[in-house]
Amino acid sequence: LSYGETIDMAGSAVVKGFWYTNNAWTVYAILNGDGMATDDGPFGTDDWLKCTVTGTKADKTIATVDIMLAENGTYVNEWKYADLSSLGEVVSLSFSFSGTKQNSYGLTTPAYMCIDDMEIDRKSSIATFEDITIEGTESFWADKTQVGINPWNSVDYTLDTYYSNSWGSDYFADYVVSNCTATDGTSYDKPYQSTAGGAKNGNNYAVFYLDTWSTVDGAIYLAAPSRVSGFWACNTTYAAYCIKNWDGQSSDQKPFGQDDYFKLIITGYDINGEETGTVEQMLIDCTDANEWHYIKDWRWVDLTSLGNNVMYVKFSFDGTKKNDWGLTTPTYVCIDDFGGDAPAKNTPYEV
């Protein structure tokens, strides 16, 4: 990079630091003179060159860190790490250069620096889903702008709703937003109820339904690559009912018993579509002979292991209740405060 270069963070982020070294042209000028300075010649013991990194915050205040590229008769000739964490959370970085080799127009030493492996710790906004207006109570909102996939936003995140009216009534898959507090749902006619009896916080929460025939993506997209802290997860009453009473489709025709399970799988992807990691969360777990348990109240799912460069996450499910066409447990999960703050202590499972 050169003088005046600016890096936009695409939102607020803490830049932990990066590796840096001198540019070959700059080193040549340090060793041989740049041919333009008033006192042209190689650097002496009193000469110096530095890069000033300026971090601009959302409120327009700034903080700076100086990186010395040459001083006291020496210069940087290998990769070194610059700690920028003192800048705090910034929306952009800009770079300027200063030094002793000058003429009447200013600095004459070539103002270049090489950087690599910038470490960014970005905390995204929290998708509480309270920014979605739901008409009425004990109801839900779904984007049905067009038949097929409908992208929509909650703060910085993009989600999809799949909509169809092919069977004479509205049908939805992927994500909807619910404000239901009732817990009487036992079938597909009331699929958007949480077993906790409402949202984790506020009034609204999202419900994801994976329909393997119509779900095209099922992803939650971030505004820019960053770290995802996690989210609160909860079972739906429909899934909970099928756990206890059989789902009507599985080959063994039995409710959940020893060794059965139903789990949520969250996979992170970077901006190139490459996987960054996978997190599994048991929604129902009967694999322990001494304690069968499930998520009844909202439970925190930590996603930090997916890394700092997550562009989107996808949800999928696995379980033991299946037939010839695949998983038969209703593939729903409730989601709240995506990207929120992890609790000091997680909610216990319901035994």
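Everything here concerns the structure above.
Residues numbered from 1 in each chain as written. Predicted model: local features only at pLDDT ≥ 70, side-chain atom pairs only at ≥ 80, totals over all residues. Heavy atoms only, no water.

A. Looking closely at a nonpolar patch on the surface. Where nonpolar side chains cluster on the molecular surface, the patch consists of Trp19, Trp79 and Tyr81 and spans about 310 Å² of accessible area. Along the polypeptide, tryptophan 19 turns up in strand E1 (residues 6-22). (Patch = residues over 30% accessible without salt bridge, like charges linked within 9 Å, V, L, I, M, F, W, Y side chains within 5 Å. Areas by Shrake-Rupley, 256 points an atom, 1.4 Å probe, with all protein chains shown as cover. Salt bridge = Lys/Arg side-chain N within 4 Å of Asp/Glu carboxyl O. Helix = DSSP H or I, 4+ residues; strand = E, 2+ residues; numbered from the N terminus.)

B. Broad picture of the state of the cysteines. Under the counting rule described, the total for this entry stands at zero disulfides. Counting only cysteine sulfurs, cysteine 334 is the nearest neighbor of cysteine 234, a cysteine outside any disulfide, at a range of 5.4 Å. (Disulfide = S-S within 2.5 Å.)

C. Here's a closer look at unusual backbone geometry. Despite not being glycine, aspartate 174 has its phi angle at roughly 65°, a positive value. Mapping aspartate 174 onto the fold places it in strand E13 (residues 171-178). In this structure aspartate 174 comes out as buried when scored by relative accessible area, which is 1%. A positive phi angle is found at tryptophan 246, which is not glycine, with a value near 75°. For tryptophan 246, a relative accessible area of 27% puts it in the partly exposed group. (Buried < 20%, exposed > 50% of the residue type's maximum accessible area, 1.4 Å probe, protein only.)

D. Structural detail: the side chain of serine 194. Its location among the elements puts serine 194 in the loop between E13 and strand E14 (205-209). A distance of 2.8 Å separates a polar atom in the side chain of serine 194 from the backbone oxygen of glycine 198. Excluding residues within four positions of it along the chain, serine 194 makes contact with Ala182, Thr183, Tyr205, Cys234, Asn235, Thr236, Thr237, Trp298 and Cys334. (Polar contact = N/O pair within 3.5 Å; in protein donor to acceptor, adjacent residues only side chain to side chain. Contact = heavy atoms within 4.5 Å.)

E. Main features of helix H1 (residues 24-32). Taken together, the buried positions of H1 are Thr26, Val27, Ala29 and Ile30. One side of H1 carries all its buried residues, which in axial view fall inside an arc of 160°. Exposed side chains of H1 directed beyond 90 degrees from the buried face belong to Ala24, Trp25 and Tyr28. Its side-chain oxygen placed 2.8 Å from the backbone nitrogen of tryptophan 25, asparagine 23 serves as the N-cap of H1. One or two residues past the end of H1 sits glycine 33, with phi positive at roughly 90°. (Arc of directions from axis to C-beta.)

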